[in-house]
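Here's the letter readout for the chains.
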Amino acid sequence: MDFKTVLKNKKNGDRIFAILLMLPALTIITIFIFIPIAKSVFLSFTDYKLANIASGVGHLWNNFSNYKAIFTEGDLWPAIRVTFTFMSMVVMLQLFLGLILSVVLNGSIKGKRFLRSIIMLPWVIPTVITALLWMWLFQPQYGVVNYLLLEANIISQPIAMLARPALALPSVAIAALWKQIPLMTLMLLAGLQTIPSEMYEAATIDGCNGIQLFFHITIPFLRNVIRTTVLMSIIENFKQFPLFWTMTGGGPMNSTTTLAILSYRNAFVNMNFGKGAAVATVWLCLLLVVAFVYNKVFTVNEME
Amino acid sequence: MKKTSILSYFFLGMILLFLLFPIYWMFVTSFKTNMQLYKIPPSWLPLSPTLGNYIELIKGKVFLTYYSNNFIVAFSASVMTTVVALLAGYSFSRFKVKGSNLILFGLLSTQMFPVIGRVIALYTVFKSMRLLNTRIGLAFALTAATLPFCTWLIKGFFDDIPKSIEEAANIDGCGRLMTLLRIIMPLTKSGLLAIGLYTFLLAWDDFLHCVTLITSDNLRTLSAGISMRYLGELSYDWALINTISVIGTVPMLLLFVFFQKYMVQGLTAGAVKA
Amino acid sequence: MRNTLVGKLVTMLVILTLILALAGCGAGQQDQSQNGTNGKTEKGEDTQDHGEEAKETILKFATYAPLEKGLEPFWTKIKKDYEAQNKHTTIEWVLYPYGELKQQVLVMSAGGNRPDIAYGGRSWLDGFISSGFLAPMNDLFGQDFVNDFYPSVIKDMSDNDGQLYAIPQFISPYVLYYNKELFKAAGLDPDQPPRTYEQALAYAEKLSTLKDKDGNKVYGLGQTTASVPVSGASVLSVMLSFGGGLWDESGHVKVNTPENVEALQFLRKIFEKGYNPEAAKLKDLRNLFAIGRLGMYFDQAWGIGGVFAMNADMKSKVACVGPLATSKTEGLSTLEATILMVFKDTDKEKEAADLIEFIVSDANMEHYVDTVAPMFPARKSQENLDKFVNNPIIKDAVKDANKVKELKKHPEMANVFLDLTSSAQAVTVGNENAEAVLKKLEDSFKTLLK
């Protein structure tokens, strides 16, 4: 009886209905994301190695020694540096190339509908396959990239791109760019299409040239799209794992050991789950800081 | 004017080469024999194409197992995501319960967390729920991973639907759930398709979840299976690797060719509005 | 109309999800029962059979081998033959791909679900010993059986206290494979292969002047230095040959020695002169060797199988010699081996040991070399077996197979090897000073290996 009257009240009914609708989503995310994250942070403060599991001891509080270890062993800072270098390299180039490509494809180019869909192809190629494909292209002795560079006389000896400390990271970045440029272009293109063409016409009559148009109309209009896509791209590249794991495994000389690789290596290669979780926790904090700063910068700019 | 157009054609040509040549090369390589493909200078066309690699791949039954596992997992994940995101997205869009914005923001922020960061603990959670080594467990994990973004996307679609439609339906005597399923849902078909496809794409691409949560070879999905099985123990079999790449890519290419309108609409709608 | 259609569609989807969910759960349970509850069913059967003479034994054998095309027939035969001889024993494979097996078996065992026996590479032994899942073997086998193995090999299979934890099936030091045809083309005598590092350099010089038929460079001497642990073990072999190593006489970490410097300088030399493809994996070297673009390279005996898989014509063109000598040693290497390990507290240790003795019996060893790949035996009584001494590819190196140095066991060994290969990269592609690199390495090992 009581329940029925509650339901009859429209507002209450709406509220219950709303919560019921959310419930499946909240349950799934709580079980598979929130709890694991919380548990992972907790594990990072414990001694949790394979031997502990084997002997049935389980995880024991270990007085920050995982953190002490990762901060003193000297692998952490290079990994942070590599992660940031990779992320900024890929995000900036991707934005730059994506912008040009989308502007070109938005212009009057023959067959642009076809081109727009065909450039999307790399986006649907699975990441592990992307990694293998680029390993094959970069192969020093019989890979096609080395062959072309040799033919063009850019290099005189075949170079193992993925084995040179200075070249490995850029090489992985190329593979990442290859897979990610399409989506970036697609998003920017969608943004460009919302710009009313009268804006351009009016500005052209006022005597603006192409570059002025770009900076005074295109960029301001794209602001929101850029903000979203760049944030998505930052997050994705900050998290990148399969490309590195398949292409370089973190080498040579740790020049491609990102936080992802470091964490995975500690947890699943050395079977020290606590330490792996500690790296992941540091990484999580960094990501939060980056996202926060990024949002702050954008909001401040908007206020101006 | 002329100059810029030549420049833009040049740029377009270069970037098309960069984006499309690798895919072309993957196809060409898969039709060569191992000894042919180590030839330098390479032959740019498969001069004496062979299907041997494909036949060998299909003969090894494991590959088909990986393949069908990937389909099962990706399909279940996208169906689950679509249904759950539909309900949640509608709720977030229509009923402004106290704190619902905060919840949505909280959900979205999980999208930032690195998978490796939680996969260690996810393993123990899976173990205690007896979900380790089950395809449905994997599908749940992948659903959870894409759900926040999909909910947010589909919420945008609901936001575009005027409230007056529901009010009219209400007067006609439709209950809340009926209104959603009969009246509102058909209006967001393209959005639902978009999130379904998006989830399928991400689930097909998954590597880390499968590597850690599935330990039984006959339950593995493609990406994990490839990297564990086909990279060769004693030598690289590049012909076979390229063949697998082709076969692993084709479903995605087909999906994209047939449904690209929806994918593009769905994904860009969110970004442009935000 | 449209609304009902959509309604149907949704219902269909919901039903499909449910079916899939059920199917998935079902499959999962099945799988778990396959993997997880074996122990229980066995125990059930045990009690049923109680009182009867023979009890049914299921030996859970964790291995990658039957997954590999080339190895599958041999292991299927082992299973069949052994089960025919032992009517009440069934071998049940627990299969994981090579790259996965160690981690998976450890995780599985930690979850209370251990196999009875495992087959793997020597490099896995450190991790397995430190996990505490293995059964000590000193009392599991007869003294005569154990004493038949080379002492250095037995030492390497034991923990730091001398307790034996693994029986090797086959062993191999890093041997030098060479391409006889390329030798002829370079004016070298294929029956006079290099015996010392110095000679190898001279041979490499000549080989590297060759071009293949498309005009591509031929590499003279391949030594793996990629970012994988096995490359580190191989680099350590070079150090051992030059008289170096990781520990001094008294067992303290000592890496920055003139001997190790010399070894790294050797690596730099073959890199700078273009004899060695940079930072190559063993797999890369085998591919290059298979297509005739590499004259000589260091590999484990069975690695040549990868070459033959790529190019079967090579079978008649290759041969190998044992570890090369330097002014300090007669040639010395780390030991690579395929090993068999028994798990403790399974109540089936004796049966597992019996199966191991069957696998390493003369007949099965000969059958393996005959049908699968070149291998060296680990037992003194087997080094004169016909199939080994008359195998055209390995006959020269069989007697050198025990030129190996045992390593201390340490759970961090995989990291040690990764650091070793990193330092090899540092002096080659990184162009750093060998002493400085070794000094850094010594500092890091002092904490890693304490």
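Bear in mind that the values here come from a model prediction, so they are computed numbers and not experimental data.

## Here's the deal with the overall build of chain C
What chain C contains, in helices and strands, is 18 helices and 10 strands. Residues counted as buried form 58% of the 450 residues belonging to chain C. Counting only contacts in chain C whose residues sit at least 6 apart along the sequence, the fraction spanning at least 24 positions is 74%. A total accessible area of about 18,300 Å² is found for chain C, and carbon and sulfur atoms account for 51% of it.

## Here's the deal with unusual backbone geometry
The linkage connecting Ile40 of chain B with the following residue, Pro41 of chain B, adopts the cis geometry, with an omega of 0°. Among the secondary structure elements, Pro41 of chain B is positioned in the loop between helix 2 (34–37) and helix 3 (52–59). Of note in the backbone geometry, Asn153 of chain A takes a positive phi value of approximately 60° without being a glycine. Inspection of the secondary structure puts Asn153 of chain A in the loop between helix 9 (144–151) and helix 10 (165–192). The backbone of Met253 of chain A sits at a positive phi, close to 50°, despite the residue not being glycine. Checked against the element boundaries, Met253 of chain A lands in the loop between helix 13 (242–247) and helix 14 (259–269).

## Details of the interface of chain C and chain A
Every contact between the two is made by 27 residues of chain C and, on the other side, 22 residues of chain A. For the pair chain C and chain A, the two sides together bury roughly 1,900 Å², of which 56% comes from carbon and sulfur. Sorting the residues of chain C by area buried against chain A places Gln103, Ala110 and Glu278 of chain C first, and these three jointly supply 24% of that buried surface. For the side of chain C that touches chain A, the secondary-structure elements that each account for two or more residues are helix 4 (98–110), helix 12 (282–290) and helix 17 (413–427) of chain C. Of the residues contributing to the side of chain C that touches chain A, the split by class is 13 nonpolar, 8 polar and 6 charged.

## Examining the environment of Lys179 of chain A
Within the fold, Lys179 of chain A resides in helix 10. Overall, Lys179 of chain A belongs to the buried group, its relative accessible area being 11%. Considering only alpha carbons, one finds Lys179 of chain A and Met120 of chain A, 59 residues apart in sequence, at a separation of 9.0 Å. Each residue touching Lys179 of chain A, except ones within four places of it in the same chain, is listed here: Pro122, Trp123, Ile125, Thr127 and Thr130 of chain A together with Asp205 of chain B. Reaching out from Lys179 of chain A, the side chain makes a polar contact with the backbone oxygen of Trp123 of chain A at a distance of 3.0 Å.

## Things to note about the sheet that holds strand 9 (residues 336–342) of chain C
Residue and element names in this part refer to chain C. If you walk across this open sheet you meet the 6 strands as 2-1-3-9-4-10, and the pairing is mixed. Each of the sheet's edge strands pairs with one partner strand only, and the pair in question is strand 2 (89–95) and strand 10 (376–377). Pairing analysis gives 5 bridges linking strand 3 (residues 117–121) to strand 9, with the strands arranged antiparallel. Within the sheet, the bridge partner assigned to Ile117 lies in strand 9 and is Val342. Contacts between helix 3 (residues 72–85) and the sheet are confined to strand 1 (57–63), strand 2, strand 3 and strand 4 (167–172), with strand 2 contributing the most and set at about 155° to the helix. Packing of helix 14 (residues 349–359) onto the sheet brings it into contact with strand 1, strand 2, strand 3, strand 4 and strand 9, and relative to strand 1 it is tilted by some 60°.

## What to know about the side chain of Glu166 of chain B
Looking at the element boundaries, Glu166 of chain B is found in helix 8 (residues 164–171). Every residue in contact with Glu166 of chain B, bar those within four places of it in the chain, is listed here: Tyr90, Arg94, Thr179 and Ile184 of chain B.

## Side note on the domain arrangement of chain C
All names here are of chain C. For chain C, the domain assignment lists domain 1 (56–172 + 336–400) and domain 2 (175–334 + 412–448). Residue-level contacts link 16 residues of domain 1 with 18 residues of domain 2. Across the domain 1-domain 2 interface, the total number found is 1 salt bridge. The closest approach of N and O atoms between Asp396 and Arg195, which form a salt bridge, is 2.8 Å. Our enumeration of links across domain 1 and domain 2 arrives at 3 residue pairs in polar contact (both at pLDDT 80 or more). Listing elements by their share of the side of domain 1 that touches domain 2, those giving two or more residues are strand 4 and strand 9. Looking at side-chain class alone, the side of domain 1 that touches domain 2 contains 10 nonpolar, 2 polar and 4 charged residues.

## Topic: helix 9 (residues 176–187) of chain B
The end-to-end C-alpha distance of helix 9 of chain B, which contains 12 residues, comes to 16 Å, matching closely the 16 Å that a straight helix rising 1.5 Å per residue would cover. Residues of helix 9 of chain B that are buried: Thr179, Leu180, Ile184, Met185 and Pro186 of chain B.

## Digging into the side chain of Thr229 of chain A
Residue and element names in this part refer to chain A. Here Thr229 is to be found in helix 12 (residues 210–239). What makes Thr229 buried here is its relative accessible area of 5%. A polar contact is formed between the side chain of Thr229 and the backbone oxygen of Ile226, at a distance of 3.2 Å. With residues near it in sequence (within four places) discarded, Thr229 still touches Met184 and Met187.

## Considerations on the pattern of salt bridges
Summed over all chains, the structure comprises 22 salt bridges over all chains. Each of the salt bridges in this network shares a partner with another, and the network as a whole consists of Arg122, Asp126 and Asp156 of chain C.

## Some thoughts on the sheet that holds strand 5 (residues 175–179) of chain C
Residue and element names in this part refer to chain C. Within the open sheet, the 4 strands sit side by side as 6-7-5-8. Their pairing is mixed. Each of the sheet's edge strands pairs with one partner strand only, and the pair in question is strand 6 (219–222) and strand 8 (318–321). For this sheet, the mean angle separating the axes of adjacent strands, direction not counted, is 15°. The pairing of strand 6 with strand 7 (residues 294–299) spans 3 bridges and is classified as parallel. The partner of Gly222 across the bridge, within strand 7, is Tyr297. This element, helix 9 (residues 197–207), spans strand 6 and strand 7 of the sheet and lies at about 145° to strand 7.

## Comments concerning the interface of chain B and chain A
On the chain A side, the residues contacting the 91 residues of chain B number 93 residues. For the chain B and chain A pair, buried surface summed over both sides reaches about 8,300 Å², with 85% attributable to carbon and sulfur atoms. Looking at the side of chain B facing chain A, the largest losses of area belong to Met112, Ile120 and Arg176 of chain B, adding up to 9% of the total buried there. Counting the contacts that link chain B with chain A gives 1 salt bridge. Of the charged contacts in the structure, one is a salt bridge between Asp14 of chain A and Arg176 of chain B, with a shortest N-O distance of 2.8 Å. Counting across the interface, chain B meets chain A through 8 residue pairs in polar contact (both at pLDDT 80 or more). Per-element accounting of the side of chain B that touches chain A gives the leading share, 17 residues, to helix 13 (residues 238–273) of chain B. Split by residue class, the side of chain B that touches chain A holds 68 nonpolar, 20 polar and 3 charged.

## A closer look at the confidence of the model for chain C
Summarising the model, chain C shows a mean pLDDT of 86, and 88% of its residues fall at 70 or more. Ignoring residues within four places in sequence, the model shows residues 1–52 of chain C, a span with pLDDT below 50, making 43 contacts including any to other chains.

## A few points about helix 4 (residues 61–94) of chain B
When the terminal C-alpha atoms of helix 4 of chain B are compared, their 49 Å separation across 34 residues agrees well with the 50 Å that a helix rising 1.5 Å per residue should span. Counting buried positions over the 34 residues of helix 4 of chain B gives 25, a clear majority of the element.

## What about the nonpolar core?
In this structure, Met247 of chain A together with Trp75 and Tyr177 of chain C are the most contacted members of the largest nonpolar core, which totals 291 residues. For this core, the domains that each give at least three residues are domain 1 (56–172 + 336–400) and domain 2 (175–334 + 412–448) of chain C. Counting 52 residues, the second-largest nonpolar core is a separate cluster that includes Val218, Tyr275, Val416 and Ala426 of chain C.

## Here we look at the packing of aromatic side chains
Residue and element names in this part refer to chain C. Applying the stated rule across the entire model yields 66 aromatic pairs over all chains. Considering the side-chain rings of Tyr197 and Phe298, the 6.0 Å spacing of their centres and the 25° angle between planes classify their relative orientation as stacked. Placement of Tyr197 in helix 9 and of Phe298 in strand 7 is noted, with a sequence separation of 101 residues between them. Judged by relative accessible area, Tyr197 falls into the buried class, the value being 6%. A connected cluster of aromatic rings, assembled from ring pairs, spans Phe61, Tyr64, Phe74, Trp75, Trp93, Tyr98, Tyr119, Trp124, Phe170 and Tyr368.

## Some details on the pairing of strand 2 of chain C
As paired elements, strand 1 of chain C and strand 2 of chain C share 7 bridges and run parallel to each other. Bridging across to strand 2 of chain C, Ile58 of chain C finds its partner in Thr90 of chain C.

## Examining the pairing of strand 3 of chain C
Residues and elements named next belong to chain C. Burial within strand 3 is extensive, with 5 of its 5 residues counted as buried. With 2 bridges joining them, strand 1 and strand 3 adopt parallel strand pairing. Bridge pairing links Ala62 to Ala118 in strand 3.

What counts, and at which threshold
- Residues numbered from 1 in each chain as written.
- Chains lettered and ligands numbered in written order.
- Predicted model: local features only at pLDDT ≥ 70, side-chain atom pairs only at ≥ 80, totals over all residues.
- Heavy atoms only, no water.
- Helix = DSSP H or I, 4+ residues; strand = E, 2+ residues; numbered from the N terminus.
- Buried < 20%, exposed > 50% of the residue type's maximum accessible area, 1.4 Å probe, protein only.
- Contact = heavy atoms within 4.5 Å.
- Areas by Shrake-Rupley, 256 points an atom, 1.4 Å probe, with all protein chains shown as cover.
- Buried area = accessible area lost by both parts, 1.4 Å probe.
- Nonpolar A, V, L, I, M, F, W, Y, C, P; charged D, E, K, R; others polar.
- Polar contact = N/O pair within 3.5 Å; in protein donor to acceptor, adjacent residues only side chain to side chain.
- Pairing = 2+ DSSP bridges.
- Axes fitted to C-alpha atoms, helices over the stretch in contact; angles between N-to-C directions.
- Domains from an automatic or database assignment.
- Salt bridge = Lys/Arg side-chain N within 4 Å of Asp/Glu carboxyl O.
- Expected span 1.5 Å × (residues − 1).
- pLDDT = per-residue confidence, 0-100.
- Core = buried A, V, L, I, M, F, W, Y, C linked by side-chain atoms within 4.5 Å.
- Phe/Tyr/Trp six-rings, centres within 6.5 Å; stacked < 30°, edge-to-face > 60°.

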